[in-house]
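# Working through the structure, step by step
Given next are the chains, with one letter for each unit.
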Amino acid sequence: MASFVHRIEVHYTKDPRLKTRTDRIKSLGFPVDELHLTDVYTVATSARDFTRDELVQVAQQLVNPVVQEFTVDEATLPLFDYAIEVGFLPGVTDNVGTTARQTIEDFLGMKFAEGEAVYSSQLYFVRGRLAPEALRALAGTLANPLVNRVRTKTREEYGHTGMDRVLPHVELHELPTAGPVDLELDDAELAKIGKEGILDPQTGERRGPLALDLAQLHAIRDYFRKLGRKPTDVELESLAQTWSEHCKHTIFASAMDDDVPKGLYKTYIQAATNEIREAAGDRDICVSVFSDNSGAIVFDDQFLVTHKVETHNSPSALDPFGGALTGIVGVNRDTIGFGLGAKPCINIYGFCVGDPDAAVPLFRGKDMSNPVLPPRQILEGVVRGVGVGGNCSGIPTPQGFCYFDPRYAGKPLVFAGTVGVIPRESGGRQLSEKAAQAGDLVVMVGGRVGKDGIHGATFSSEALDPKSPVTAVQIGDPITQKKFSDVIVKEARDAGLYRSITDNGAGGLSCSVAEMAKECNGCHVQLDAVPLKYHGMAPWEVWISESQERMTLAVPPENLEAFMALMERREVEATVIGTFTDTGRCVVECGGAVVMDIELSFLHDGLPKKQLKTSFKKKTNPEPETPCPERLDEALLAMMKRKNICSREYITIQYDHTVQGGHVLGPVQGKGRVQSVATLTKIVPGSKKAVGLSQALFPSYSEIDPYNMAGAGIDTAVRGLVAMGVPPDTIAILDNFCWCSSDEPERLGQLKLAAQGCYDFSKIFGTPFISGKDSMFNDFSGFDAEGRKVKVSVPPTLLISSIGVHPDAGKAVSMDAKIAGDLVYVIGGTKEELGGSEYFARLGSAGNTVPVLDAVAAKERYARLANAIAHELVASALPVSHGGLAVALAKVAVAGRLGMDLTVPVPDSMRPDYFLFSETLSRFVVTVAPDHKRAFEQALGPDAVLLGRTGGSRFRLTARTLILDVAVADLETAYKAPFGRY
Amino acid sequence: MATVRRNIRRPVAVPKAPAAREPIPEKALIMSGYGINSEMETKEVLARAGMGADIVHINDLIAGDRSMADYRLLVFPGGFSYGDDTGAGNAYANRVRNNLWDELQEFMDGDNLVLGICNGFQILANLGLVPAFDKTYAREIALMPNRGGRLECRFVTLKPANENLWTKGIERIYCPVSHGEGNLSCSKETLQKIRQKKMVAFTYCREDMSPADGEYPFNPNGSVEDIAGITSANGRVLGMMPHPERAMEFVNLYDWPLLKEQARREGRALPTESLNMQIFRNIVAYFS
């Protein structure tokens, strides 16, 4: 424990953010006059104290004297009514504190010893009178009880002494050793171990869910019976990690019904890719699929481009900021861990959250205890988390979406993806290939290991319930990661210093080392060597901890000196923690004793096979009964304001999408700044080529028709790229299944249909899946405000992400209408397909007819359009998606700040509103220069229907009569209204 | 119909990129490490302008493996050094001041140039290399958090406020900003001196080149008098928040698809590089 504690408080003399901060809190309904902020550094040492002079000099290092003032061991005394201090709980990553510590060390030429630290906290001064509940609620919006400590004082309590000195120091006294676990128990007791965890002999408490079912526990028991001993807790925890749904994807791997004996993944996803690759022959774009941390396709003769999309749902439900931050920096490591190390060059994101303006209170505990964060707070947290992660890492984040549905209120979905670039070869080595060899050293690089994220992998395989462990929360440290990312990808890789690399994600060392051990058939790890954040961790915790910002590498002994010297020069911590072997075993030692010794074959393949049963029954929903209005002006304006259609530009501009200098077509386009559905980015300096990215999801179709839901996702993700001119035969896709209640046959029935859709449609398009991920239990079980049990499950959600290579960025097409007098076309016919549409949602009925994909026709159309764009015949193009034709046309008009006067070919059999808002797939809105009319129509054939021209300032649609006439400016206002104040 | 055909077939006139010249012998040192992240594109843009550069990790300078004396241009590129903790650029500036101060002073005393972009400008400001009214290098300006309280990434239009070695021949810059702390603030006296000594290099303005007058989003951060970048008193140091190096090509510009359509309809040739290159060409011209 530190004996010397000093407090430095820093504030702006004139805070530029005061108004924004105050306005934001006011907009959440708190009657505050002003909310001031002071940064606090608590310096805690034990070996030596600092003189007052030293502390003043230290403070000067931490402030900008032009605009800031500080106090040392004295309370800041502004005018205020309440003070709220928010700091971190013990053991939570404190990046600001770490930077301050490094600055002090550098300045005074000293090193902080074990147990000494700088802790950062934020001290808010509230001006205004608040009722006690309001004050508590305000503290609740400023802090998250799972990661933060909060102390509130009134002006009187604060007095002249100010806030208390708090040291969030981790205090763990003993070093618990590994112990045997008795599995010779009855099934009820065994099941308890699986569900709630190993009974800790010291605390008498369960250690947290292993998420092992009875069949798996029987298999483990039988294995150790044969060995004639009990498993250790390290072995059991390790098996639980490796066999988790998160790591082994048991639901996608298990036999299903009688017709899918090999499981959904092999039968539908992998098979589609294999068959597409075979059919493509020499034109196969895939280089590495499903086997590595990311998938990779061809960029050009010299480079490959990689892509991977992850989810980080459960952690983001508990700590939205930390969860999303960890999600994005985690998937960055899937890029650094591809082959021998790809450079992360584009981040993408996706958020599915509840309605931020209509929170329904939910609680994890009875009697309104342990409340679920409201959607608005979740949204703000995840938006900030992805931003900080990408921005601090110097990776542009141009591409993303935000989708709202009340069914995401219990558990949000947070998607994070990273594209990487890697040369095919360096120094005669194929960089996409790697293999550890027996004798190579196991080297852990990056951050230290703490209790963070313990049971993260098993936990995300379980539904969120009151017993969810709080240690599942982690906060990332992007700068630590940036440091090793730079040295690995920009220096060590091309110096050929290591033979294999993978990231430490779910399951920590237990998964990364055991995974790499497959390459050489064995490993021997010394847990005592693993650098820890604090003492007192049990061996099993060190082995499975998910502390962030770590990679595991296989370094040949002859390169060790050079490797370690390079890491030291870049101030990156690297530690040899063992040796790769060829013994066929995974052996772990700690404190001189062997705490784990099992065969790799059992660890990786001992998992008992499951047989899953599914069922599916099509439900019938009521159709809407609202008659068609004569004029649709109001309807369109209302559609433009729908949260799944309107502008979420406020997110886009917080994300650096220009770093690395490759911006070609960005997240907002045109004078009117409309959000695009696809983006184009250069990733290799000097090359004309660029990488196109898009994403699509249709959760509102899932309950009606999961098969065609999958078709809609694939079609729309591919179409987004084609609209920019990306040739369809360069496009690959990724799948992310986020399902719910995957132990119910009905949900599995929907899953099976969606997987079948993936197979059928990707095959016809010829777009291979190169990577995928699933998260099967996105359910919340808890209580409502009346204490009644509720279960909130996400709608079955399939995100399709697409990646393609544009051969010539200079010929790419943006979405905005460009020049008055241009011709406006719709490409592709419109059917009455409004089931699950945004329009039906507005009318309050889901309907039954979701869009059905005619993939054969679509494929031909996409080739034609890509060809027309390659010949520079198209001035703008936008896919028709959520909200249908009228919304797409309006977006093109708003983006170009140009009016349109159009005649829409509504068939007699269809209501005009249904025609305008139907979500029929495979359609585009394009504008064409009059000079190119003939050539364009020849290129597209009868698929292209001329609707009229751009011009003026009004958006006018005529069917049999004039049905709509609004100012483009009003459409823009409506489009930007809902999130205008966020 | 004939017209139609001709228009379709007419190749868009693309002037060849300026023939790659031999780079000048003077070299640039581009700082890296601790979360600096724009070093690669900065090296690329200088190479295109005709100047070779080495990206050097700050620790290699501290260790003495590399020396500033071997270079004529020192660049602090953009990034998020130390995650902006303790104030953007502050921690990296401390590392420079606490370890490289003497070497840096010597470099400053020579006929050398220093460029800081975004995080680099924040580092320069914290080091006192701008405004640097004298050799005490006092901290005189601050780049405070944006008025909007969060990072802003968008294209901005800049106007040169004074002609100097950096702004020569430039009428307009159109490039992204991407920062959370670019809100320039200083005392009235300092501002007065900066104005008097014609040290304002660029100001934020509207699309029609009229002053932004502090109005968001033209002035994206609330910076005093719309200041986007300043030089040192002796003119040899430039710090600016916007990123010209991130929009070196025509197709990097926010509005290039519209500009391209307009040019094609009028039969005008399309540029390959952007107007922003001129800043870097001016650096090369200074040494040539």
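Everything numeric here is computed off the predicted structure, so don't read it as measured data. (Residues numbered from 1 in each chain as written. Chains lettered and ligands numbered in written order. Predicted model: local features only at pLDDT ≥ 70, side-chain atom pairs only at ≥ 80, totals over all residues. Heavy atoms only, no water.)

### Section: the pattern of salt bridges
For the structure on display, the rule yields 88 salt bridges over all chains. Where arginine 24 of chain A meets glutamate 380 of chain A, a salt bridge forms, and the shortest distance between an N and an O atom there is 2.6 Å. One end of the pair, arginine 24 of chain A, is in helix 1 (residues 18-27); the other, glutamate 380 of chain A, is in helix 14 (residues 375-393), and 356 residues separate them in sequence. As a salt-bridge pair, glutamate 273 of chain B and arginine 281 of chain B come within 2.6 Å of each other at their nearest N and O atoms. Put simply, Asp405, Arg407, Lys619, Glu703 and Arg747 of chain A are held in one network by salt bridges that share partners. (Salt bridge = Lys/Arg side-chain N within 4 Å of Asp/Glu carboxyl O. Helix = DSSP H or I, 4+ residues; strand = E, 2+ residues; numbered from the N terminus.)

### Considering empty space enclosed by the protein
One simple way to see leftover space: roll a probe sized like a water molecule over the atoms. Residue and element names in this part refer to chain A. Using the criterion set out here, one finds 12 cavities of 30 Å³ or more in the structure. Counted as a void, the largest cavity has a volume near 500 Å³. What lines the largest cavity is a set of 30 residues, among which Phe401, Arg648, Val677, His882 and Lys891 lie closest to the centre. Sorting the residues of the lining of the largest cavity by element identifies strand 14 (399-404), strand 30 (690-696), strand 37 (876-879) and helix 28 (884-896) as the ones contributing at least two each. Counting residues per element, the lining of the largest cavity draws most heavily on strand 14, at 5 residues. Its residues assigned to classes, the lining of the largest cavity comprises 17 nonpolar, 11 polar and 2 charged. By volume, the second largest cavity is sized at about 160 Å³. What lines the second largest cavity is a set of 16 residues, and nearest its centre among them are Ser393, Ile395, Lys482, Ser485 and Asp486. Those elements that place two or more of their residues in the lining of the second largest cavity are helix 13 (320-336), strand 11 (343-353) and helix 16 (478-492). (1 Å grid on protein atoms, 1.4 Å probe; cavity = no way out; pocket = protein on both sides within 12 Å on 5 of 7 lines; lining within 4 Å. Points joined across faces, edges and corners; volume = space filled by probe spheres on them. Nonpolar A, V, L, I, M, F, W, Y, C, P; charged D, E, K, R; others polar.)

### Overview of the interface of chain A and chain B
Opposite the 77 residues of chain A that make contact, chain B presents 67 residues. Where chain A abuts chain B, roughly 5,800 Å² becomes buried across the two surfaces, and 53% of that area is made up of carbon and sulfur atoms. Here chain A is connected to chain B by 9 salt bridges. Of the charged contacts in the structure, one is a salt bridge between lysine 682 of chain A and glutamate 249 of chain B, with a shortest N-O distance of 2.7 Å. Of all elements in the fold, only helix 2 (52-62), helix 3 (95-108), helix 14, helix 16, helix 22 (649-652), strand 26 (663-665), strand 27 (668-669) and helix 30 (933-940) of chain A reach the threshold of two or more residues within the side of chain A that touches chain B. At 8 residues, the largest contribution of residues to the side of chain A that touches chain B is made by helix 3 of chain A. Along the lines of polarity and charge, the residues of the side of chain A that touches chain B split into 31 nonpolar, 24 polar and 22 charged. (Contact = heavy atoms within 4.5 Å. Buried area = accessible area lost by both parts, 1.4 Å probe.)

### Concerning helix 17 (residues 508-520) of chain A
The element helix 17 of chain A is extensively covered by neighbouring structure, given that 10 of its 13 residues are classed as buried. Phi turns positive, to about 75°, at asparagine 521 of chain A, one or two residues after helix 17 of chain A. (Buried < 20%, exposed > 50% of the residue type's maximum accessible area, 1.4 Å probe, protein only.)

### Comments concerning the sheet that holds strand 1 (residues 4-12) of chain A
Residue and element names in this part refer to chain A. Strands sit in the order 3-1-2-5-4-6 across an open sheet of 6 strands; the sheet is antiparallel. Looking at strand neighbours, the two that pair on one side only are strand 3 (68-72) and strand 6 (148-154), the edges of this open sheet. Strand-to-strand twist in this sheet, taken as the mean axis angle between neighbours without regard to direction, amounts to 20°. Sheet topology places strand 1 next to strand 3; 5 bridges connect them, and they run antiparallel. Directly across from isoleucine 8, in strand 3, lies its bridge partner valine 72. On top of the sheet, helix 3 reaches strand 2 (34-45) and strand 5 (117-127); it is set at about 125° to strand 5, its chief contact. Helix 4 (residues 132-142) rests against strand 2, strand 4 (82-88), strand 5 and strand 6 of the sheet, and its axis sits at about 35° to strand 4. (Pairing = 2+ DSSP bridges. Axes fitted to C-alpha atoms, helices over the stretch in contact; angles between N-to-C directions.)

### Considerations on the packing of helix 4 (residues 90-109) of chain B against helix 5 (residues 119-127) of chain B
Pairs of packed helices are described in terms of their axes, by the angle between the two and the distance that separates them. Residues and elements named next belong to chain B. Their axes nearest at 9 Å, the elements helix 4 and helix 5 cross at an angle of 60°. One element, helix 4, and the other, helix 5, form an angle in the oblique class. In the crossing of helix 4 with helix 5, the sense of the turn from one axis to the other is right-handed. Listed contacts from helix 5 to Asn90, Tyr92, Ala93, Val96, Arg97, Trp101 and Leu104 of helix 4 are Ile123, Asn126 and Leu127. Taken together, the residues of the contact of helix 4 with helix 5 sort by class into 7 nonpolar, 2 polar and 1 charged. (Parallel < 35°, antiparallel > 145°, perpendicular 65-115°, else oblique. Left-handed = near helix turned anticlockwise from the far one by under 90°.)

### As for the environment of glutamate 189 of chain B
By the secondary structure assignment, glutamate 189 of chain B is in helix 6 (residues 188-196). Residues glutamate 189 of chain B and glutamate 140 of chain B lie 49 residues apart in sequence; the distance between their C-alpha atoms is 9.9 Å.

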